[in-house]
Amino acid sequence: MIYFIDGHFTRRDELRISIDDRGYYFGDGVYEVIKVYNDELFTLKEHFQRLFASAAKIKMTIPFSEQQLIDVAKELIKVNKISNGHIYMQVTRGSSPRTHHFPDPAVSAVVTAYAVEAERPVEDMENGVAVKSVDDIRWLRCDIKSLNLLGSVLAKQEAREAGCPEAILHRDGVVTEGSSTNMFGIKDGVVYTHPVSNLILEGITRHVVLDLCKDLEIPVVEEAFTLDEAFEMDEFFYTSTTAEVMPVTAIDGIAIGNGKRGRLTKKLQDAFSAKIPSPLKGSI
Ligand code: DCS
C-alpha cells in the first residue's frame, strides 16, 4: 500500500510519524473520508471544501491547495488500484514539543492520506439495522470534522456492546445525529432531520439526500425532534459517506414502523444509487 505523508508518497512500512505530532498528543487536526465508486471520487469538491473549512475553524493553515490535495487523492486511487472504497485524509497542526498552545514559532501542518478498497454495506442497506440511543456528551463544535473523536468512539462502542452498528445521539432527549452519521425520521411522508448548527456535522451525504428529496418532491423539515418522537416515526434512516442511506428498523429494541426498510427510504436509496458513478458511464 502506498500512503501520502507530508508531500511524499511512501510505502506503509516505510512511513514515519513523529511522536510530537499534535494529532497524536491532542487530536489537534481535521479529517475527511471520501468515497470511491468505479475509480471515481464521489462529491470530492464538497469534501475538500469541508476539509479547508474545518481547518479554518481551528485556525490551521493547510500547506497545499485544494487542487493539490485532489491530485493526491486521485494518485492514491491510481497507484493502489482502488476501484471501490474510500480515501482517508487527515491534517494535523504539525509536529512540535508538547504544549497546549499552538507551536510558536509555527510549524507546517502534516497531511496524511491513504486509500482502501471497501464494499458497499448492501446487506444492511436492504435489511436495515438497529441503533442504540446514547447521551451526546461531545463538545459544542460538532460542526468541525475534528480528529478529536472520543465522544464518538465511546458512543459507538456502547452501541456495539448492545449489538448495534450505530448510536443515535441525543442531548437531553433531543436527537442530534449518529456517532459518525446524520439521522433522519419520516412521519406521514415528511422527512425530519436536525438543522445545520454547531451540534451536528453538516454531512455531505445529508446534503445529497436533501437534494434527492427535493427532486422526488418529498417534503423536508430541518427541525430537531426528540427521541420520543423518533420511536413514533413511520421510517428512520441515517446517512454517511460509507453507510450511504442506511435504514434503521429499531431503536433501543423497539421496532420503527413495521420493523422493515421503509418505502420512502428505499426510494431515496434507489435515487442515491442512480447518482453513483457507473462503470458503464461513457462506454455506450
Ligand atoms: N456526523 C458525524 C459525526 C460524522 O463523523 C460523519 C461522517 C457524518 C455525520 C456524515 O458525514 P458525511 O455524509 O459527510 O460522511 N463520518 C465519517 C467517518 O468518520 N467515517 O465515515 C464517514
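Up top is the structure these notes are about.
Residues numbered from 1 in each chain as written. Predicted model: local features only at pLDDT ≥ 70, side-chain atom pairs only at ≥ 80, totals over all residues. Heavy atoms only, no water.

(A) How the structure looks around the nonpolar core. In this structure, Phe48 and Ile87 are the most contacted members of the largest nonpolar core, which totals 28 residues. Secondary structure elements with two or more residues in this core: β3 (29-37), α2 (44-57), α3 (66-79), β5 (85-92) and β6 (110-117). For this core, the element with the highest residue contribution is α3, accounting for six residues. For Phe48, the residues in contact, after removing those within four places along its chain, are Ile34, Glu66, Leu69, Ile70, Ala73 and Met89. (Core = buried A, V, L, I, M, F, W, Y, C linked by side-chain atoms within 4.5 Å. Buried < 20%, exposed > 50% of the residue type's maximum accessible area, 1.4 Å probe, protein only. Helix = DSSP H or I, 4+ residues; strand = E, 2+ residues; numbered from the N terminus. Contact = heavy atoms within 4.5 Å.)

(B) Region of the structure containing unusual backbone geometry. Along the chain, Asp104 connects to Pro105 via a cis peptide bond; the corresponding omega equals 5 degrees. Position of Pro105 relative to the elements: it lies in the loop between β5 and β6. Phi at Glu244 is positive, roughly 55 degrees, even though this residue is not glycine. Within the secondary structure, Glu244 sits in strand β14 (residues 244-251). We note that Asp252 has phi near 50 degrees; this positive angle belongs to a residue other than glycine. With respect to the secondary-structure elements, Asp252 resides in the loop between β14 and β15 (254-255). Residue class for Asp252 comes out partly exposed when judged on its relative accessible area of 35%.

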